Amino acid sequence: MSTTKKSPVLYWIFGLLVLAAVLSAIYYTFYYASAPVYFAIGNGRLEANDVHIASKLPGRIEQVTVKEGDQVIKSQLVVKMDTKTLEAQLKQAESQVLKAKVERQRAMAIVEERNSECKYAKKQLQRTQDLIQRNFASEDDLDTAQLKVETTQAACAAAEAMVEVAEASIQAAQASVERLKADLEDSSITSPISGRVLYRIAEPGEIVASGSKILTIIDLSDVYMTIFLSEMDAGKISMGSSARIILDAVPELPIPAEVSFISPLAQFTPKVVETREERSKLRFRVKVSVNNAFLQDHIDLIKPGMPGMAYIKLNPEAEWSDIL
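**With respect to the pairing of strand E1 (residues 39-54)**
Working step 1: Relative to strand E13 (residues 307-313), E1 runs antiparallel, the two sharing 7 bridges. Counterpart to Ala40 in the pairing with E13 is Ile312.

**A short note on the packing of aromatic side chains**
Working step 1: In total, this model carries 0 aromatic pairs according to the counting rule given.
Working step 2: Taking NZ or CZ as reference, Lys287 lies 4.2 Å from the ring centre of Tyr224, over its face.

**Description of the pattern of salt bridges**
Working step 1: Tallied over the entire structure, the rule returns 7 salt bridges.
Working step 2: Across the pair Asp70 and Lys67 runs a salt bridge, and its minimum N-O distance is 3.7 Å.
Working step 3: A salt bridge links Arg200 to Glu203; the nearest nitrogen and oxygen atoms lie 2.6 Å apart.
Working step 4: For Arg200, a relative accessible area of 21% corresponds to the partly exposed category.

**Concerning the environment of Leu57**
Working step 1: By the secondary structure assignment, Leu57 is in the loop between E1 and strand E2 (59-64).
Working step 2: A residue is classified by how much of its surface remains accessible, and Leu57, at 22% relative accessible area, is partly exposed.
Working step 3: Setting aside residues up to four positions removed in sequence, Leu57 forms contacts with Met81, Leu86, Asp183, Ser187, Ala209 and Ser210.

**Focus: the sheet that holds strand E4 (residues 77-81)**
Working step 1: The sheet built from 4 strands is open, its strands ordered E5-E4-E2-E7 with antiparallel pairing. Here the strands that pair on one side only, and so sit at the sheet edges, are strand E5 (188-190) and strand E7 (207-208).
Working step 2: With 3 bridges connecting them, E2 and E4 associate as antiparallel partners. Across the sheet, Ile61 pairs through a bridge with Met81, a residue of E4.

**Quick word on the nonpolar core**
Working step 1: Counting 27 residues, the largest nonpolar core has Leu46, Ile245, Val288 and Ile312 as its most contacted members.
Working step 2: At the level of secondary structure, the elements contributing two or more residues to this core comprise E1, strand E8 (213-229), strand E9 (242-247), strand E10 (255-262), strand E12 (282-290), helix H6 (292-297) and E13.
Working step 3: Sorting elements by how many residues they give to this core places E8 first, with 6 residues.
Working step 4: For Val288, the residues in contact, after removing those within four places along its chain, are Val223, Tyr224, Met225, Ile227, Ala243, Ile245, Ala257, Glu258, Val259, Ala310 and Ile312.
Working step 5: Formed by 16 residues, the second largest nonpolar core is a distinct cluster that contains Val66, Val78, Val79 and Ile214.

**Examining the side chain of Asp219**
Working step 1: Mapping Asp219 onto the fold places it in strand E8.
Working step 2: The buried charged residue Asp219 lacks any salt bridge partner; its closest oppositely charged side chain belongs to Lys287, at an N-O distance of 9.1 Å.
Working step 3: Polar side-chain contacts of Asp219 include one of 2.5 Å to the side chain of Ser221.
Working step 4: Setting aside anything within four residues of it in sequence, one finds Asp219 in contact with Ala48, Asn49, Ile193 and Ser194.

**Details of the pairing of E9**
Working step 1: Taking burial as the measure, the 6 residues of E9 include 5 buried ones, the bulk of the element.
Working step 2: Pairing analysis gives 4 bridges linking E9 to E10, with the strands arranged antiparallel. Bridging from a neighbouring strand, Ile245 pairs with Ile255 of E10.
Working step 3: Judged from the 5 bridges that link them, E9 and E13 form a sheet pairing that is antiparallel. Looking across to E13, one finds that Ile246 is bridged to Met309.

**Quick look at the environment of Lys67**
Working step 1: Mapped onto the elements, Lys67 comes out in the loop between E2 and strand E3 (71-72).
Working step 2: Each C-alpha atom of the pair Lys67 and Val197 lies 6.8 Å from the other, and the pair is 130 residues apart in sequence.
Working step 3: The contacts of Lys67, once residues within four sequence positions are left out, are Val197 and Arg200.

**With respect to unusual backbone geometry**
Working step 1: Look at Ser75: it is not a glycine, yet its phi comes out positive at around 75°.
Working step 2: Looking at where Ser75 falls in the secondary structure, it is placed in the loop between E3 and E4.

**Quick look at the environment of Val97**
Working step 1: Mapped onto the elements of the fold, Val97 is located in helix H2 (residues 84-133).
Working step 2: Distance from Val97 to Gln171, taken between C-alpha atoms, is 8.0 Å for residues 74 residues apart in sequence.
Working step 3: In this structure Val97 touches Ala173, Gln174 and Val177, once residues within four positions along its chain are discounted.

Cut-off values and rules
- Residues numbered from 1 in each chain as written.
- Predicted model: local features only at pLDDT ≥ 70, side-chain atom pairs only at ≥ 80, totals over all residues.
- Heavy atoms only, no water.
- Pairing = 2+ DSSP bridges.
- Helix = DSSP H or I, 4+ residues; strand = E, 2+ residues; numbered from the N terminus.
- Phe/Tyr/Trp six-rings, centres within 6.5 Å; stacked < 30°, edge-to-face > 60°.
- Lys NZ or Arg CZ within 6 Å of the ring centre and 35° of its normal.
- Salt bridge = Lys/Arg side-chain N within 4 Å of Asp/Glu carboxyl O.
- Buried < 20%, exposed > 50% of the residue type's maximum accessible area, 1.4 Å probe, protein only.
- Contact = heavy atoms within 4.5 Å.
- Core = buried A, V, L, I, M, F, W, Y, C linked by side-chain atoms within 4.5 Å.
- Lys, Arg positive; Asp, Glu negative; His and termini not counted.
- Polar contact = N/O pair within 3.5 Å; in protein donor to acceptor, adjacent residues only side chain to side chain.

Here it is as C-alpha cells:
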C-alpha cells in the first residue's frame, strides 16, 4: 500500500494564503471597524483636473521650457512659438498706418482747397446777382455762377469723403497692428494655473496647427476624492462637512478635507466601486476636497490616482479618532 507525500511547497502556498486572509481581515478591521459610528466611509482615488496647453495660432514651436513632472506656477512661461513671420507682418501693418495718415493729411489739404474754391464761387454768384439787378450781367452769367457754386460744393463733399476714407484706412491698419501685437503676445504661452506637468506632447521645431495640444498640466490647487454614499449617509452631511482622507500608501498621515459637492440626484454606484448588491442600491456622488494649506505643504506627496478611504463626519460634534 503506497502513500502519497504532499509537497512542502503546497504547505507554503497554503500558509501564505492564510496569512494574506488574516492580514486582509486586520486591514479591514483597522480602517473600517475602528472608525467612529458617526462617520460615513467611502473609497476612491485622488483626482485633479487636467489643463491642456495649446497653441492659439499655427506655427513652429521655438522653445518648451518645462519637462514632464516639473512644477509650474501660474503665469510661468512654458512654450515660446516662432514669431519671425508675425514680426514682419507687424512692421508691414505699422507702415500701412503711416501711409494712411499721410493720405488723410493729403485729403484734408484738398478739403481746404475745395472750401476756398467754394467760398470764391459763392462770392462770384453774389456779385453776378448784384450785376443783374443793375443790368450789367445776363442770365447766362448767373447760370454760370450758380453752376460753379454747385460744382465746388460737390468737390468739397468729395474731398470730405476722401478724409473719411483715409480715417477708415487708419483704423483698419491700426486694428491690424493691434491684432498682430496680440498674436505676438499669444505666441509666448504661459501656464494658466499652478500645477505639475503631466505630459509633454510636442517638442521644439515641430509645426503645430491652431489648437494643437503641447502640454498637459495637472491642477494641484483642487485635489479631491469622489466617493458614493447611501441615501442615509448623504442625507446627514452638508457642504463643508469636515472629512479626512487616508491613503493606502501613507495610512499614518490623515489628510484634512471637506465636502465640496453633493450630487442632488441619486445614481447607481459604478461597477468598479462596490459589490453587485451595493450596485443595486441608489447612491449619491460626493466630492471630498483636500485642504488647500495641506496641499501646499505636501505638494510632492499628493499624487492624483492614489487610492484610499474618505471619512466624513455625520455628527459635527463627533471627535476624530486617533487614527484620523
